[in-house]
Amino acid sequence: MRRKSIALGALFAFGFAGSAVAQQCGGDFNAWREGVRQEAAADGIGERGLSALNGAGIEQKVLQRDRAQGVFNQTFAEFAGRMINDYRLKNGAANLKKYANTFARAQNEFGVPGPVIASFWALETDFGAVQGDFSTLNALATLAHDCRRPEIFRPQLIALLHLIDQGWVPANVTGAWAGEIGQMQMLPSDYYTKGVDGDGDGKVDLKGSSPDAILTAAKNLQSLGWKPGQPWMEEVRVPDQMAWEKTGRVTKLPRSEWAAMGVTYRDGSPLPADGMATAVVLPMGHKGPAFLVYDNYDIYLEWNQSLIYTLTAAHLATRLAGAPRFDVRSPEQGLAPETMKQLQTKLAARGHDVGKIDGILGAGTREAVRQEQLRLGLPADGWPTPTLFSNL
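What you see is a predicted model, and the numbers here were worked out from it, not measured in a lab.

A. Seen up close, the overall build of the protein chain. Helix and strand counts for the protein chain come out as 18 helices and seven strands. Relative to its length of 392 residues, the protein chain is compact, with a C-alpha radius of gyration of 22 Å against a globular reference of 21 Å. If you line up the protein chain on its principal axes, its C-alpha atoms span 65 × 50 × 35 Å. Approximately 15700 Å² of the protein chain is accessible, and the part contributed by carbon and sulfur atoms is 50%. Of the side chains in the protein chain, 40 bear a positive and 41 a negative charge, and the two mean positions are spaced by 3 Å.

B. Region of the structure containing the state of the cysteines. Enumeration over the complete set of coordinates arrives at one disulfide. Disulfide pairing is shown between Cys 25 and Cys 147; the S-S distance is 2.1 Å. When the S-S torsion is 110 degrees, as for the bridge of Cys 25 with Cys 147, the disulfide is right-handed. With Cys 25 in the loop between helix H1 (8–13) and helix H2 (29–42) and Cys 147 in the loop between helix H9 (136–145) and helix H10 (150–165), the pair connects residues that are 122 residues apart, well separated along the chain. On the basis of relative accessible area, Cys 25 is assigned to the partly exposed category, the value being 26%.

C. Region of interest: the sheet that holds strand E4 (residues 253–254). Read from one edge to the other, the open sheet built from five strands follows the order E4-E6-E7-E3-E5, with strand pairing classed as antiparallel. Across the chains shown, the open sheet's two edge strands, defined by having one partner strand only, are E4 and strand E5 (264–265). As paired strands, strand E3 (residues 233–237) and E5 are joined by two bridges and run antiparallel to one another. Looking across to E5, one finds that Val 236 is bridged to Tyr 265.

D. Layout of the pairing of E3. With three bridges joining them, E3 and strand E7 (residues 291–293) adopt antiparallel strand pairing. Looking at E7, one finds that Glu 234 is bridged to Leu 292.

E. Here's a closer look at the nonpolar core. Membership of the largest hydrophobic core comes to 97 residues, with the highest contact counts inside it found for Val 116, Ile 117, Met 184 and Tyr 300. In terms of residues, this core owes the most to one element, helix H15 (residues 307–320), which gives nine residues.

F. Layout of the pairing of strand E6 (residues 277–281). Among the five residues in E6, four count as buried, and that is most of the element. As paired elements, E6 and E7 share three bridges and run antiparallel to each other. In the strand pairing of E7, Ala 279 is matched with Val 293.

G. Inspection of unusual backbone geometry at higher detail. A positive phi angle, near 50 degrees, is found at Asp 126, a position not held by glycine. Summarising the element assignment, Asp 126 is placed in the loop between helix H8 (114–125) and strand E1 (134–135). Even without glycine at this site, Gln 185 takes up a positive phi of about 55 degrees. Residue classification places Gln 185 among the buried residues on the basis of a relative accessible area of 3%.

H. Quick peek at the packing of helix H6 (residues 86–98) against H8. Contact geometry of H6 with H8 gives a least axis separation of 10 Å together with a crossing angle of 130 degrees. If you check the angle between H6 and H8, you find them oblique. Along this stretch, H6 crosses H8, giving a crossing that reads as right-handed. Of H8, the residues touching H6 (which contributes Arg 88, Asn 95 and Leu 96) are Gly 114, Pro 115, Ala 118, Trp 121, Ala 122 and Leu 123. Its residues assigned to classes, the contact of H6 with H8 comprises six nonpolar, two polar and one charged.

I. Up close: the pattern of salt bridges. Applying the stated criterion to the full structure yields 20 salt bridges. Across the pair Asp 295 and Lys 252 runs a salt bridge, and its minimum N-O distance is 2.6 Å. Placement of Asp 295 in helix H14 (residues 295–303) and of Lys 252 in the loop between E3 and E4 is noted, with a sequence separation of 43 residues between them. If you follow the salt bridges from partner to partner, you end up with Asp 66, Arg 67, Asp 146, Arg 148 and Arg 149 in one network.

About the criteria used
Residues numbered from 1 in each chain as written. Predicted model: local features only at pLDDT ≥ 70, side-chain atom pairs only at ≥ 80, totals over all residues. Heavy atoms only, no water. Helix = DSSP H or I, 4+ residues; strand = E, 2+ residues; numbered from the N terminus. Rg over C-alpha atoms; globule rule 2.2 N^0.38 Å. Areas by Shrake-Rupley, 256 points an atom, 1.4 Å probe, with all protein chains shown as cover. Lys, Arg positive; Asp, Glu negative; His and termini not counted. Charge placed at Lys NZ, Arg CZ, Asp CG, Glu CD. Disulfide = S-S within 2.5 Å. Buried < 20%, exposed > 50% of the residue type's maximum accessible area, 1.4 Å probe, protein only. Pairing = 2+ DSSP bridges. Core = buried A, V, L, I, M, F, W, Y, C linked by side-chain atoms within 4.5 Å. Axes fitted to C-alpha atoms, helices over the stretch in contact; angles between N-to-C directions. Parallel < 35°, antiparallel > 145°, perpendicular 65-115°, else oblique. Left-handed = near helix turned anticlockwise from the far one by under 90°. Contact = heavy atoms within 4.5 Å. Nonpolar A, V, L, I, M, F, W, Y, C, P; charged D, E, K, R; others polar. Salt bridge = Lys/Arg side-chain N within 4 Å of Asp/Glu carboxyl O.

Remember, this is a structural readout, not a statement about activity or role.
What follows is the structure, encoded as structure tokens:
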């Protein structure tokens, strides 16, 4: 489930990401693999890791999955409604109790609350139950050889060879199609550089040990900039009229300014009149659910760049911490995926950078929608509606 950036900042911090060799891709696979072997040997990987590379091959089903990611063309209400279910809420609460000491250690050492970690654990693998059955070695070799994003996946392949060489994982380790491993679906570079032995058995086993997985996830979130003791997201109410163009994740204002505009907590109580930087996010427009997001929410986007996924993960964390289900309210009708593609085509023709024409309401499309709403005198909430579509 984890469709990260794939955390480019974290990848390039791993020492071997920037070499000239890492830019090679495509062509004869055997010749390409020999280039990887030379790079791996130069990076200190020994015979066990190099021997494992001999068994790496191309898997077409990995490329098919890479080309066919369509889950995020659902609305937030649809996606969250499906992903935050009774099973995850019940087992999340049970695991927070079962591993209470481990979660307490995660908060004490890394500053990350238990519900935040448990929400990722739930969404990624249903608490370790569904970790993926792709050969991690083949998946990363396939994606590194492919010329779509080799600068992302070749460093991960080298990191995996380090893990194999040092005996952290076997050569036949399995996981997700994009190379993530274990109960929290960690990329090999994060596994290698941030792995924590949480159960004290002398090794880091992110597949079989829940304490190892919990503490490694906490350390990873800390490394991404998690701020201890600060919130990540809270549900709010917005007034019928306000400066909608100021909403959206990238525009952060003091809570006092949102309060002055009429934004309150969900129960109607006032926001603190302080200077804490926050943004108001309206995933389904100004008539739909509304959330106040903090700097810690940005860390979710380091884990996964999808607004829909990260809002779902953040809300699930608040649910596990005791909050009620969000209020859907009465959002205006959105656009079907095919109509969204037509909208993106129209926006691109007007000079907006919407990225790939894929029918997915990503950050570029939301910003383009916001600009056109402003131009047309519509509420600039970034939510594309049939009214906007018909006026372009």
